[in-house]
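Survey of secondary and tertiary structure
The primary structure of each chain is shown beneath.
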Amino acid sequence: MNRKSVGLFILVLGICISSCQLAINTFQEQTVTLLSITGVPAPITGAIPVTILDSSQYSGTMAWSPLVSGTFSSYNVYSVQISLKPKPGFTLNGVAANSFKVQGASSTTNSANSGVVTAIFPETTDSTVSILEIHGVTPPVLGGAPSTKIYETDQYTGVIRWTPDVDVDFLNGIVYSAIITLEPKNGYTFTGIDENSFLVAGATSVTNCANSGVVTAVFPVTEDAMVTITWISGIFAPALGATPATTIAETSQYTGTVTWSPEVIGTFEASTEYSATIILESKNGYTFTGVAANSFCIARATCAQNNADSGIITVMFPPTLATPVADIVSENIGNLMLVEGGTYCNTRGEMTVSSFRISQYEITGAQYAAVMNVEDPSYYSSTPNNPVERVSWYATLVFCNKLSVLEGLTPVYSINGSTNPEDWGEIPQDADDVWNSVTANWNANGYRLPTEAEWMWAFFGGVHCLGYEYSGSDDIDSVAWYYYNADHTTHAVGSKVANELGLYDMSGNVYEMCWDWDGPLPTTHEINYRGPASGNARVIRGGFFGSGALECARYHRAASWLGGGSEVMGFRVARN
């Protein structure tokens, strides 16, 4: 090798050595600088201890002492040993002794060059109760039952004692007080509570001593409440051959008897103008004092009159027809109520619906079983008059066609060109393209599911609509079985008040299936709208026994995937 080559070799070797040195310097680990350890909350009574943490320079695990089983206890001095593990590029070498800090700790220690940190915290104490509004204390109402427990919170429970003592129900003309004794839950205390700081809805005064959970709530004197249910159900316009009602549908506020003029012997006669005198009797706790004149309503009446402060109502009806109205009663499912055609707004656009009939009640388990020749499939089948549920949308098609044939009517539904359900095969348990291709003969006189537009028009009360939030009333408890009164089960159909058309349970009890595929409501004016051409789910309406009030209200929509049925879903049927 000549002198020139040797020089070139030395130059290249020097460059390589410099590059290696540069690489070594580049990957040299940095000493951890995040000395304030975050993510370690100080122990609080009732809180769950944190056991891991993470930062940009290290991760860590924590071991608490004394050992925590579930949550931190009161009046303990807790310490935690934090084991830090540096992330790539970082090292604990160079960390000084006792240089780490943990917020809330009374002392924090670590050895030099070590990520094992011990933090000691102050003694845990109970937190002062902060939920000051007490729920579950029902204000006394004449005839009402006294509540004995408050609604439990995550801070306390509580029992209620009434004074004067209540044997069964609250009496009239008495000022009742509720003595509420609150019991704090683990980790909470009434120490620190100011006097008279609790609140109880409906009370005229609420008092408590400082640092005490014994609360006295005084309520106004009990008195009769004015009758507010002005829609009277159970009485229907006279029709040739129909039997007159002699009592109204009982409500939570009153009962009532009905007498007819001219007197009816057996059934209503043709071409006669009948009037009815309804005598309402208020229930315990209610009065007609304060009721305005002519404030009661009866379906299809031409006139309903009552004096102020009175429950005696005179009702006039149109003359009966010379011939009976067809299709009023089915021997298999009962009354089919006439819904005269009309127009309403669906919140997006107008819907016009032709006249049709719809079953007065939801189809019951017993009715379904009889038509289908099966056992009642319902989960809640304690009585024969509970609505059927756990039936699918596909099963309703079979029911409608079988019922149509049973009563000598033309079936509506056709699958693969056949209206005979025996040709359709087994009812699918999952979504099925063949069954989804079902067609409807809208001119047939047989039974079918109502369209969503028809169902909504019937919910509103049709041409007799009084604008209620729920079907038949603004008082949901009078018309619907729902979360707050149903006790988590269905109830016999027709056991609440009917709507303006005499239809029961259109709010609550069970959701009701409609014909329509689910999809956006149209914004244009539609006539006899029957939904989108296709979809993945079918519309259901009305809410069910576990629904809140919002789901039972007039504009709430829901949908059900096709396939097996649900214990919250049933149906009623319609006819042209």
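Residues numbered from 1 in each chain as written. Predicted model: local features only at pLDDT ≥ 70, side-chain atom pairs only at ≥ 80, totals over all residues. Heavy atoms only, no water.

Some details on helix 5 (residues 452–460)
Counting buried positions along helix 5 yields nine of nine residues, so the element is predominantly enclosed. Every buried residue of helix 5 is listed here: E452, A453, E454, W455, M456, W457, A458, F459 and F460. At the C-terminal side of helix 5, G461 shows a positive phi close to 100 degrees. (Buried < 20%, exposed > 50% of the residue type's maximum accessible area, 1.4 Å probe, protein only. Helix = DSSP H or I, 4+ residues; strand = E, 2+ residues; numbered from the N terminus.)

Observations regarding empty space enclosed by the protein
Inspection of the entire model under this criterion finds four cavities of 30 Å³ or more. Approximately 80 Å³ is the volume attributed to the largest cavity. The dominant element in the lining of the largest cavity, judged by the number of residues it contributes, is helix 5, at three residues. (1 Å grid on protein atoms, 1.4 Å probe; cavity = no way out; pocket = protein on both sides within 12 Å on 5 of 7 lines; lining within 4 Å. Points joined across faces, edges and corners; volume = space filled by probe spheres on them.)

Observations concerning the packing of aromatic side chains
Tallying each qualifying case throughout the model produces 32 aromatic pairs. Ring plane angle 15 degrees and centroid distance 6.0 Å describe the contact between Y344 and W457, whose orientation is recorded as stacked. Taken together, the residues span a long stretch of sequence, with Y344 in strand 26 (residues 342–345) and W457 in helix 5 at a distance of 113 residues. An aromatic cluster of three or more residues is present, and its members are W393, Y394, Y413, W424, W435, W442 and W515. Sitting over the face of the ring of W481, K496 holds its NZ or CZ atom 4.3 Å from the ring centroid. Above the face of the W515 ring, R538 is positioned so that its terminal group lies 5.2 Å from the ring centre. (Phe/Tyr/Trp six-rings, centres within 6.5 Å; stacked < 30°, edge-to-face > 60°. Lys NZ or Arg CZ within 6 Å of the ring centre and 35° of its normal.)

Focus: the nonpolar core
In terms of nonpolar packing, the biggest core is built from 42 residues, with Y368, W393, F399, Y413 and F571 touching the most fellow members. Of all elements in the fold, only helix 2 (365–372), helix 3 (393–406) and strand 31 (511–517) reach the threshold of two or more residues within this core. No other element matches the eight residues that helix 3 contributes to this core. Once residues lying within four places of it in the same chain are set aside, the contact partners of F399 are I333, I363, Q367, Y368, V371, M372, F571 and V573. Within the second largest apolar cluster, 22 residues are counted, among which are W260, F268, F296 and F317. (Core = buried A, V, L, I, M, F, W, Y, C linked by side-chain atoms within 4.5 Å. Contact = heavy atoms within 4.5 Å.)

Some thoughts on the sheet that holds strand 20 (residues 275–282)
Read across the open sheet, the four strands follow the order 19-20-23-22; overall the sheet is antiparallel. The sheet is open, and its two edges are formed by strand 19 (254–261) and strand 22 (303–306), each paired on a single side. Shown here is a sheet whose adjacent strand axes are inclined to one another by a mean of 20 degrees, direction ignored. (Pairing = 2+ DSSP bridges. Axes fitted to C-alpha atoms, helices over the stretch in contact; angles between N-to-C directions.)

Points about the environment of V405
Within the secondary structure, V405 sits in helix 3. Judged by relative accessible area, which is 53%, V405 ranks as exposed. A sequence separation of 41 residues divides V405 from G446, and the C-alpha atoms of the two residues are 8.1 Å apart.

Some words on the pairing of strand 20
Pairing analysis gives eight bridges linking strand 19 to strand 20, with the strands arranged antiparallel. Pairing of G256 across the sheet is with L280, part of strand 20. With five bridges joining them, strand 20 and strand 23 (residues 312–316) adopt antiparallel strand pairing. Bridged to S275 within strand 23 is M316.

Side note on the pattern of salt bridges
Inspection of every chain in the model, using the stated rule, returns ten salt bridges. Here the residues in one salt-bridge network are E452, D518, R541 and R557, joined through shared partners. (Salt bridge = Lys/Arg side-chain N within 4 Å of Asp/Glu carboxyl O.)

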